[in-house]
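Given next are the chains, with one letter for each unit.
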Amino acid sequence: MQMKKVVFFIVVCLFSMSQTARASIVEQYEFQGKLGDKVPIEIAFCVDNNMIAAGYIYYKNASNPAPIMLVGSKTGGVYYLNEYLKDGTITGYMSFRVRYESGRTTLSGTWTNPKTGKTFNMNNMICTSTTTSATKYLELEDPQHIGRKYAFQEWSDSYQSMMGGVATFRGAGKYKVHFEISNVTHNIAEVESYPNRPADFSSYPYNYFYYYNANECGYGFSAHFYKYFLVIKSISGENTLGCFGYGASLDGVYIKVKQ
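In every chain, residue numbers begin from 1 and rise along the written sequence. Local features in this predicted model are restricted to residues of pLDDT 70 or higher, and side-chain atom pairs are both shown and tallied only at a pLDDT of 80 or more, whereas totals for entire chains, interfaces and linings draw on every residue. The side-chain quantities take in all heavy atoms of the structure and omit both hydrogens and water.

Q: Go over the packing of aromatic side chains, please, and point to the residues and values.
A: Aromatic rings from Phe, Tyr and Trp, taking only the six-membered ring of Trp, are treated as a pair when their centres fall within 6.5 Å; an angle between ring planes under 30 degrees marks them as stacked, one over 60 as edge-to-face, and anything in between as tilted. Per the counting criterion, the structure on display carries 26 aromatic pairs. Both rings, one in Tyr 56 and one in Tyr 137, keep their centres 6.5 Å apart while their planes meet at 50°; by these two values the pair is tilted. You can see Tyr 56 sitting in strand E3 (residues 52-59) and its partner Tyr 137 sitting in the loop between strand E8 (119-129) and strand E9 (149-156), a full 81 residues away along the chain. Tyr 56 gets classed as buried once you look at its relative accessible area, which sits at 11%. Helix and strand assignments come from DSSP, with helices taken as H or I runs of at least 4 residues and strands as E runs of at least 2, each series counted from the N terminus. The buried label applies to any residue whose accessible area, calculated with a 1.4 Å probe on protein chains only, is under 20% of its type's maximum; exposed applies above 50%, and partly exposed to all values in between.

Q: Which residues make up the sheet that holds E8, and what are the values?
A: Reading around the barrel, the eight strands line up as E1-E2-E3-E4-E5-E6-E7-E8 and close back on themselves, with antiparallel pairing between neighbours. Sheet twist, expressed as the mean angle between neighbouring strand axes with direction ignored, is 30°. In the sheet, E3 pairs with strand E4 (residues 68-75) via six bridges, with the strands oriented antiparallel. Residue pairing for E4: Ile 57 is matched across the bridge by Ile 68. A strand pair is defined by DSSP finding two or more bridges across the two strands. Here, axes are lines fitted to C-alpha atoms. For helices the fit covers the stretch in contact, and angles between N-to-C directions go from 0 to 180 degrees.

Q: Explain the pairing of E9 to me, using residue names and the numbers behind them.
A: Counting buried positions over the eight residues of E9 gives six, a clear majority of the element. When E9 meets strand E17 (residues 252-258), the two strands line up antiparallel, connected through three bridges. Across the sheet, residue Tyr 150 finds its bridge partner in E17, namely Lys 256. Pairing of E9 with strand E10 (residues 161-171) involves eight bridges; the strand directions are antiparallel. Across the sheet, the residue bridging to Phe 152 is Gly 165, located in E10. Remark: four residues form the turn of the hairpin made by E9 and E10, two consecutive strands paired antiparallel; Gln 160 in that turn has positive phi of roughly 50°.

Q: So what's going on with the environment of Lys 60? Residues and values would help.
A: Tracing the backbone through its elements, the reader meets Lys 60 in the loop between E3 and E4. With 161 residues separating them along the chain, Lys 60 and Phe 221 place their C-alpha atoms 39 Å apart. The term polar contact refers here to a pair of N or O atoms within 3.5 Å; inside protein, the definition further demands a hydrogen-donor-capable atom paired with an acceptor-capable atom, and it admits residues adjacent in sequence only when both atoms are side-chain atoms. Side-chain polar atoms of Lys 60 contact the side chain of Gln 32, separated by 2.5 Å.

Q: Give me the lowdown on the environment of Leu 107, citing residues and values where you can.
A: Its location among the elements puts Leu 107 in strand E7 (residues 104-112). Residue contacts follow a heavy-atom distance rule, with two residues in contact if any of their heavy atoms lie within 4.5 Å. Those residues in contact with Leu 107 that lie beyond four places of it in its chain are Phe 31, Phe 45, Phe 96, Arg 97, Met 122 and Met 125.

Q: Hey, could you go over the nonpolar core for me, with residue numbers and the actual values?
A: By size, the foremost hydrophobic cluster in this structure holds 43 residues, and its most contacted members are Phe 169, Phe 209, Phe 221 and Phe 229. In terms of residue count, the dominant contributor to this core is strand E16 (residues 229-234) (four residues). Apart from the residues within four sequence positions on either side, Phe 221 is in contact with Phe 179, Ile 181, Val 191, Phe 209, Tyr 210, Tyr 211, Ala 214, Ile 232, Lys 233, Ser 234, Ile 235 and Leu 250. Residues Phe 45, Tyr 59, Ile 68 and Met 94 belong to the second largest nonpolar core, which totals 22 residues. For our purposes a nonpolar core is just a set of buried Ala, Val, Leu, Ile, Met, Phe, Trp, Tyr and Cys residues, chained together by side-chain atoms within 4.5 Å.

Q: Just give me the short version of the pattern of salt bridges, but keep the residues and values in it.
A: When a carboxyl oxygen of Asp or Glu is within 4 Å of a side-chain nitrogen of Lys or Arg, the pair counts as a salt bridge. Within the structure shown, the criterion is met by three salt bridges. Between Lys 74 and Glu 27 there is a salt bridge; the shortest N-O distance is 2.6 Å. Separated by 47 residues along the polypeptide, Lys 74 in strand E4 and Glu 27 in strand E1 (residues 25-35) bring together distant segments of the chain. The exposure class of Lys 74 is partly exposed, given its relative accessible area of 21%. For Glu 27, a relative accessible area of 14% corresponds to the buried category. A salt bridge links Glu 141 to Lys 256, with the nearest nitrogen and oxygen atoms 2.6 Å apart. Of this pair, Glu 141 sits in the loop between E8 and E9 while Lys 256 sits in strand E17; the two residues are 115 residues apart in sequence, bridging distant segments of the chain. Among the residues examined, Glu 141 registers a relative accessible area of 3% and is labelled buried.

Written as structure tokens, this is what we have:
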């Protein structure tokens, strides 16, 4: 009888955890339409309760068609999503709104080439489903399987070259990691964990940590880990950016490039 109670308790806990994971998705869509007048596309994405958005874009007439990952956020009713190749290179910027009119759901916005600045309207984007397999892009990472390296790069008009960020991690005990992170998209921002103070995944669902006073200026940031990417956000005031170059911070989406 005691064994049955233990098994029942474990099953209930697992069910509760899976329900919590599913409940974190607050929106999901699939759309079909065109970039400009000639390029047929399919876009699928979802949004979690932290307003992180992720999914894919599929260029149907590409020579080797394959889904390209999208990651970004929803802010004030606008979705901002970037295209990321597997090495973290950003190949497109998108911003759009979703509207519900006359019994149908539509998407309107633009796609921009980061290097040329050329922009295309997203035309005739009609919702084909409000459920999608794109939810896999927002699966939370197990802290014991954090990647060793995350990175991104994008075109900089100021420097006329690719600039980006890199975050590396190494184990420092159960649910603890040491890190080195740099972001040089606008100017230089660099931090690393102190030897006696690794980052600590101490809160359920264990896919994130907060790190305070990361340098002599008191900079703090959060790091949320998903299966395919990492989101870093500053959590301290502008006065703590004084140790970095002007306008620099660690903020950004870093794609997992090495497990």
